[in-house]
Amino acid sequence: MNKKRILIVDDSFDMLEVLQRQLNALNYVTFQSSNVNDAIDILEHSDVDLLITDLQMPVQNGMELVKYTARHFPNIPVLVITGYPSVAGAVEAVKSGAMEYLVKPFTIKELQKAVEKALAQRAVKFEGDGQKTKWKNDQPVSYWGIIGQSEGIKELIDLIRRVKDTKVTTLITGESGTGKELVARAIHYSGKYSKSPFIAVNCGAIPENLLESELFGFVKGAFTGAYESRAGFFQAADGGTIFLDEIGTASGTVQTRLLRVIQEKEITMVGANKPQKIDVRIIAATNSDLYAMSKNGKFREDLYYRLNVISITTPPLRDRRSDVLPLAQHFLQKFSKDFNKEGITLSKEVAGLLKSYAWPGNIRELENVIQRALILCDGEITAGHLPDYIKSASQEVPAETTILRTLKEVEYEHILKVLQAVDHNKTEAARILGINRKTLRQKLINQSGTKRTTG
Ligand SMILES: Nc1ncnc2c1ncn2[C@@H]1O[C@H](COP(=O)(O)OP(=O)(O)OP(=O)(O)O)[C@@H](O)[C@H]1O
Ligand SMILES: [Mg+2]
């Protein structure tokens, strides 16, 4: 068998040497470079099967190399090495095309595993499914129950496809009813760990004093009433995915324990003195601003960064109105079967009302509205079958604001309006506004000022 050839890039010569020694011991051929420029030179002139790069390097950052490789050598998988304080950078890297990441310090075993995974995933990624999909414009799409037509939903699905076969910890943030749980399930069931369990835990629904033992299990005699040992959710999810819903409500103790699970990949049952190894992908979800909570001490900051390696945002329905009708049709079909009422249609007026309503309860609210209308109607859903608040909301004329504003504010508001009209398709918005994408991005960044953008 031909030995695989690995290019290692790190500005620290010590690190280069260690990696070289370890990889040679694992029977790989290595090339080394201490900077991005030389690395690109090697990529261009040698046959490389895998690139391993550090992210923090002076002069040119490792991220540049990740992006360059993804663009010019899409079939060379990339493994990123990162120090603990910069785990957040791994998000960027994975989004830019890296397949695996390794946090320093790591053992030779961990290195071996990551290298093997990256090499193996290469085959999967470049034989179709993992690739960014060429979406047909304006066609509704459907992916593991996720329906939509907007740019936002397509980006969401692309991101799910990128993470589904990895064990990278993922944080899903979004308003209530936007599909966070649906996304978590899609990641699990469409990915290669789908044969293992998916365990959903609502951290908000379990009393705080029980959460720890529910998550990690307990041993006999750990507390009064613990007559026998019992496994927790984590053991139940071994090999698969644990979905920690409403993570923002986890107590300080649980947060500390979770951090350990992520760092050490092991859990300790309540009352036990020895930890046990565990292999679980963690997907957490929240509708609170966990970043803000971590900044004002309400959530452990280190845990936030550990959870947020990949962040997925489920956009509110009002920001992607082109999804409203495909979703309405989808629910119509779904419930028609349940109620034995086939062939029901939506009147033109209803379609208009649904599209202009703001949907504070998001997709769950739309689902309920369609279900209710279906029960009430015969043949066609008309305005009379909709709740009054939807009809009256669309008649409200927004009050004109008379406050004098700066040109910048008006510009920003106009940009947002255009973005909304085109479902946040930045290319399209830039075209309409007559500026290029880069300028658009800059204007958005400048205006949102200190506001953080996720993803
Ligand atoms: N894109 C979508 N396509 C089809 N159905 C969707 C979509 N998004 C959400 N739904 C449906 O809407 C309902 C709410 O979704 P889900 O429970 O995943 O939301 P959530 O963000 O977890 O809400 P909460 O914060 O209230 O728990 C579910 O019935 C789900 O199947
Ligand atoms: Mg939910």
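Computed from a predicted model, the values in this text were never measured in an experiment.

(A) A look at the pattern of salt bridges. The tally for this structure, following the rule as stated, stands at 17 salt bridges. Taking the shortest distance from any N to any O, the salt bridge between Arg 431 and Glu 428 comes out at 2.9 Å. Taken together, the positions of Arg 431 and Glu 428, both in helix α18 (residues 426-433) and three residues apart, correspond to about one turn of that helix. Judged by relative accessible area, which is 57%, Arg 431 ranks as exposed. Overlapping salt bridges, with partners in common, bring together Arg 260, Glu 266 and Lys 277 in one network.

(B) Spatial organisation of the packing of helix α13 (residues 324-339) against helix α14 (residues 348-356). Put simply, α13 and α14 touch, their axes get as near as 9 Å, and they point 120 degrees apart. In terms of orientation, α13 lies oblique with respect to α14. Crossing of α13 against α14: the hand is right-handed. For the pair α13 and α14, contact is made by Val 324, Leu 325 and Ala 328 and by Ala 351, Leu 354 and Lys 355, respectively. When its residues are assigned to classes, the contact of α13 with α14 shows five nonpolar, no polar and one charged.

(C) Geometry of the side chain of Thr 53. By the secondary structure assignment, Thr 53 is in strand β3 (residues 50-54). Residue Thr 53 is classed as buried on the basis of its relative accessible area of 0%. Discounting residues that sit within four places of it in the chain, Thr 53 has contacts with Val 9, Gly 62, Leu 65, Val 66, Val 78, Leu 79, Val 80 and Ile 81.

(D) Region of interest: unusual backbone geometry. With an omega of -5 degrees, the peptide bond between Lys 104 and Pro 105 qualifies as cis. Among the secondary structure elements, Pro 105 is positioned in the loop between β5 (100-103) and α5 (108-126). Notably, Asn 362 is not glycine yet its phi reads approximately 60 degrees, a positive angle. Secondary-structure assignment places Asn 362 in helix α15 (residues 362-376). Asn 362 sits in the buried class, given a relative accessible area of 0%.

(E) Summary view of the nonpolar core. Counting residues in each nonpolar core, the largest one holds 47 residues, and the members touching the most others are Leu 7, Leu 65, Val 80, Ile 160, Val 183 and Ile 312. In terms of residues, this core owes the most to one element, helix α6 (residues 151-163), which gives six residues. Taken together, domain 1 (5-126) and domain 2 (150-312) each give at least three residues to this core, which thus spans both. When sequence neighbours within four positions are dropped, the list of residues in contact with Ile 160 reads Tyr 143, Ile 146, Val 183, Ala 186, Ile 187 and Ser 190. With 30 residues, the next largest nonpolar core counts Phe 234, Ala 237, Ala 250 and Ile 282 among its residues.

(F) Representation of the site of ligand 1. The immediate surroundings of ligand 1 are formed by 18 residues, with Ile 147, Ser 176, Gly 177, Lys 180 and Glu 367 found nearest. Note that an oxygen atom of ligand 1 is positioned 2.7 Å from one of the side-chain N or O atoms of Glu 367. Isolated, ligand 1 exposes 630 Å² of accessible area, and the fraction of that covered by the protein chains is 84%. The set of elements that each furnish at least two residues to the shell around ligand 1 consists of β7 (146-148), α7 (180-190), α13 and α15. Per-class residue counts for the shell around ligand 1 are seven nonpolar, six polar and five charged. A domain-level breakdown of the shell around ligand 1 finds at least three residues from each of domain 2 (150-312) and domain 3 (318-393).

The rules we used
- One numbering rule holds for all chains: residues counted from 1, following each sequence as written.
- For this description, chains carry letters from A and ligands carry numbers from 1, given in the order in which they are written.
- At least 70 in pLDDT is required for a residue's local features to be given in this predicted model, at least 80 for side-chain atom pairs to be given and counted, and no such filter applies to totals for whole chains, interfaces and linings, which use all residues.
- Hydrogens and water molecules were not included; the side-chain quantities draw on all heavy atoms of the structure.
- Counted as salt bridges are all cases of a side-chain nitrogen of Lys or Arg within 4 Å of a carboxyl oxygen of Asp or Glu.
- Under the scheme used here, helices are H or I runs from DSSP no shorter than 4 residues and strands are E runs no shorter than 2 residues, and both carry numbers assigned from the N terminus.
- Categorising residues by exposure relies on relative accessible area from a 1.4 Å probe, with only protein chains included: less than 20% of the type maximum marks a residue as buried, more than 50% marks it as exposed, and the intermediate range marks it as partly exposed.
- Angles shown run from 0 to 180 degrees and are taken between the N-to-C directions of axes, each axis being a line fitted to C-alpha atoms and, for helices, limited to the stretch in contact.
- Note on angle classes: values under 35 degrees are labelled roughly parallel, values over 145 roughly antiparallel, values of 65 to 115 roughly perpendicular, and the remainder oblique.
- Left-handed describes a crossing whose near helix is turned anticlockwise from the far helix through less than a right angle; right-handed describes the clockwise counterpart.
- Every residue pair with non-hydrogen atoms within 4.5 Å of one another is taken to be in contact.
- Three categories are distinguished: nonpolar for Ala, Val, Leu, Ile, Met, Phe, Trp, Tyr, Cys and Pro, charged for Asp, Glu, Lys and Arg, and polar for the others, with Gly belonging to the last.
- By convention a nonpolar core is built from buried Ala, Val, Leu, Ile, Met, Phe, Trp, Tyr and Cys residues, the set being connected through side-chain atoms within 4.5 Å.
- For every domain, the bounds stem from an assignment made automatically or drawn from a database.
- Any residue with a heavy atom lying within 4 Å of a molecule or strand is counted as near it.
- We call two N or O atoms a polar contact when they sit within 3.5 Å, provided that within protein one can donate a hydrogen and the other can accept it, with sequence-adjacent residues counted only if both atoms are side-chain atoms.
- Only the protein chains shown count as cover for residues, and all accessible areas are computed by the Shrake-Rupley method using a 1.4 Å probe.

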